[in-house]
Amino acid sequence: MEPHYEKALLERALPFMTKANPTLLASGAFYVAQSSHGELIGCGGWSLEHPGTAKIVRGEAHIRHFATHPGWARMGVARSIMNQCCMDAKARDVSELHCCSTFAAENFYKALGFKKIAGANVRLDSETSFPAVLMRHALP
């Protein structure tokens, strides 16, 4: 992510961005990928609830906390996890996925059919906001 963000911003933001969300982890809609040697190589999930709230909008779901180990980037790990998320979301009558992407991940989401809705500044605490991209994808 460094080419897209200043080092000082990443140092302040990453502790917030990498903090485990117990509710998401226990939801049954968060997945991890492992190598054949058991190494954790990727993760990601989705929720019906809008991140940070209990708000649910019928037909919408939210892509959450996607990450791929740098040594496994561009090998289909995140795409595979996204395919599982899409199948599961469709089974729950979701017709549209939303995500808040980093600048570094924007092209990944575009390649999967997500469209940019708007820019955003995600407030992480009273002193730190993180520039991001709001995106949307209609499920077929």
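Okay, so let's go over this structure.

What counts, and where the lines are drawn
The numbers attached to residues start from 1 for each chain and follow its sequence in the written order. Note on the predicted model: pLDDT of at least 70 is required for a residue's local features to be given, and 80 or more for side-chain atom pairs to be given and counted; whole-chain, interface and lining totals, by contrast, use all residues. Only hydrogens and water are removed before side-chain values are computed, so all heavy atoms of the structure are retained for them. A pair of strands is treated as paired once DSSP finds two or more bridges between them. We count a stretch as a helix when DSSP gives it H or I for four or more residues in a row; a strand needs E for two or more, and each element gets its number in order from the N terminus. Throughout, an axis means a line fitted to C-alpha atoms (over the contacting stretch in the case of helices), and angles, computed between N-to-C directions, take values from 0 to 180 degrees. By the convention used here, residues are in contact when the closest approach between their heavy atoms is within 4.5 Å. Polar contacts, as counted here, are pairs of nitrogen or oxygen atoms within 3.5 Å of one another; within protein the pair requires one atom able to donate a hydrogen and one able to accept it, and residues that are adjacent in sequence qualify only if both atoms are side-chain atoms.

In this section: the sheet that holds strand β3 (residues 60-68). The sheet built from six strands is open, its strands ordered β1-β2-β3-β4-β6-β5 with mixed pairing. At either margin of the open sheet sits one strand with a lone partner, and together these are β1 (30-34) and β5 (115-123). The mean angle between the axes of side-by-side strands here comes to 25°, regardless of whether they run parallel or antiparallel. Judged from the six bridges that link them, strand β4 (residues 96-101) and strand β6 (residues 129-138) form a sheet pairing that is antiparallel. Bridging from a neighbouring strand, Glu96 pairs with Ala138 of β6. Packed onto the sheet, helix α1 (residues 7-17) meets β3 and β6 and runs at close to 55° relative to β6.

Another point: the environment of Tyr5. Within the secondary structure layout, Tyr5 lies in the segment before α1. Along the chain, Tyr5 and Pro131 lie 126 residues apart, while their C-alpha atoms are 8.7 Å from each other. When near neighbours in sequence (up to four residues on either side) are disregarded, Tyr5 contacts Leu10, Thr102, Phe103, Phe130, Pro131 and Ala132. Polar contacts involving the side chain of Tyr5 include one to the main-chain amide nitrogen of Phe103, which spans 2.8 Å. Among the polar contacts made by the side chain of Tyr5, one reaches the main-chain carbonyl oxygen of Pro131 at a distance of 2.7 Å.

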